Amino acid sequence: MTVHLEVSEGVGTLRLDRPPMNALDIATQDRLKELAEEATRRDDVRAVVIHGGEKVFAAGADIKEMQAMDHAAMVQRARALQDSFTAVARIPKPVVAAVTGYALGGGCELALCADYRIAGENAKLGQPEILLGLIPGAGGTQRLSRLIGPSRAKDLIFTGRQVRADEALTLGLVDRVVPAGEVYTQAHAWAAQLAQGPAIALRAAKESVDAGLETDIETGLAIERNWFAGLFATEDRERGMRSFVEEGPGKAKFL
C-alpha cells in the first residue's frame, strides 16, 4: 500500500509511502481517500498528521501516468482526484501536515488540506503545474487563494516557482518552521495535545470556520450560533464548565 494509517496516542498518521518521491498516482489518491474516510469514522483517531517521511512530503502527481491520459480520460478522473483531497480536508478533526523536503503540485495541494502546516527548514513548496501547460487540479487554485490571498496565490500559480520554508512562512503558506529532523515530532505533539481536547467542540470549531469561509457573514454567524448552542447538550461542555468553576481554567479532562 502507498498510504498507511498508523494510530498512537489518539493521533492517526496518514503516511505516504511511495518512494522515492511519493508521487501521487491514481492508486495513491484512491488509498488516501479511503484512509481519510477511515480516520473520520474511527473513534480512536482524534487528530491527524499527514506525513511523507523524513526526506520528502510529496513531489506531485505521477507525470508519466498523467501523460498517457487524454482529455476524455481526465474528464472521467478529475472529480475523483479532487474528491481524494477533499476527503482529507473534510476530516472533522484537527489535521496537521508535517512537511519535509518537496511539497510540490499535488503535494502542496495535500498540505493545503490540513488545518495547520509545520515545515522543515529543508522544505520547498510550490504549484509548478503551469510549467506543464496545466493548472492545479486537486484544489490548489481554491485552497491556496483562500489561505494566502489571491494575488500571492496567482504569483505562485502563474510562475510555477518553488518557495523555501522561510518564504512560505512569510506568505502564510506554512505556520511553523523547525529543523527537518523535528518536523514529525512537533506535528505529532501538536496533534496529540488536541487529541486530548473536547472532540465535538473541536469539530464544531473546524466546521464553523471552514463552512463560514464559503459563505456570507450572516450565514456564517448562523452556522456558529447553531454549533455554539448545540454544544450545550454535550457532556464535554458540562465537564469543561464544572472543572472551570471547581478547579479554575484549563484543567478539564475530556474523554
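Coordinates for the structure precede this section.
Residues numbered from 1 in each chain as written. Predicted model: local features only at pLDDT ≥ 70, side-chain atom pairs only at ≥ 80, totals over all residues. Heavy atoms only, no water.

### Observations regarding the state of the cysteines
Then, in step 1: Within this structure, the stated rule accounts for 0 disulfides.
Then, in step 2: No disulfide involves Cys108; its nearest neighbouring cysteine sulfur is the one of Cys113, lying 10 Å away. (Disulfide = S-S within 2.5 Å.)

### A look at the packing of aromatic side chains
Then, in step 1: Under the counting rule described, the total for this entry stands at 2 aromatic pairs.
Then, in step 2: Ring geometry for Tyr116 versus Trp190: centroids 5.0 Å apart, planes at 5 degrees, classification stacked. Linking Tyr116 in strand E6 (residues 116-120) with Trp190 in helix H8 (residues 183-195), this pair joins segments that are 74 residues apart in sequence. The exposure classification of Tyr116 matches that of Trp190, with both residues buried. (Phe/Tyr/Trp six-rings, centres within 6.5 Å; stacked < 30°, edge-to-face > 60°. Helix = DSSP H or I, 4+ residues; strand = E, 2+ residues; numbered from the N terminus. Buried < 20%, exposed > 50% of the residue type's maximum accessible area, 1.4 Å probe, protein only.)

### Observations concerning the pairing of E6
Then, in step 1: Burial analysis of E6 places 5 of its 5 residues in the buried class, the great majority of the element.
Then, in step 2: Burial of E6 is two-sided: the residues Tyr116, Ile118 and Gly120 facing one way and the residues Arg117 and Ala119 facing the other way are all buried.
Then, in step 3: As defined by bridge partners, strand E4 (residues 95-99) adjoins E6 across 4 bridges and the pair is classed as parallel. Paired with Ala97 across the bridge in E6 is Arg117.
Then, in step 4: The pairing of E6 with strand E9 (residues 176-178) spans 3 bridges and is classified as parallel. Bridge assignment links Ala119 to a residue of E9, and that residue is Val177. (Pairing = 2+ DSSP bridges.)

### Some words on the packing of helix H5 (residues 140-148) against helix H6 (residues 150-159)
Then, in step 1: For the pair H5 and H6, interaxial distance at closest approach is 7 Å and the crossing angle is 135 degrees. Here H6 runs oblique to H5, going by the angle between their axes. Taken as a pair, H5 and H6 cross one another with a handedness that is right-handed. Across the interface between the two elements, Gly140, Thr141, Leu144, Ser145 and Ile148 of H5 pack against Pro150, Arg152, Ala153, Leu156 and Ile157 of H6.
Then, in step 2: Its residues placed into classes, the contact of H5 with H6 shows 6 nonpolar, 3 polar and 1 charged. (Axes fitted to C-alpha atoms, helices over the stretch in contact; angles between N-to-C directions. Parallel < 35°, antiparallel > 145°, perpendicular 65-115°, else oblique. Left-handed = near helix turned anticlockwise from the far one by under 90°. Contact = heavy atoms within 4.5 Å. Nonpolar A, V, L, I, M, F, W, Y, C, P; charged D, E, K, R; others polar.)

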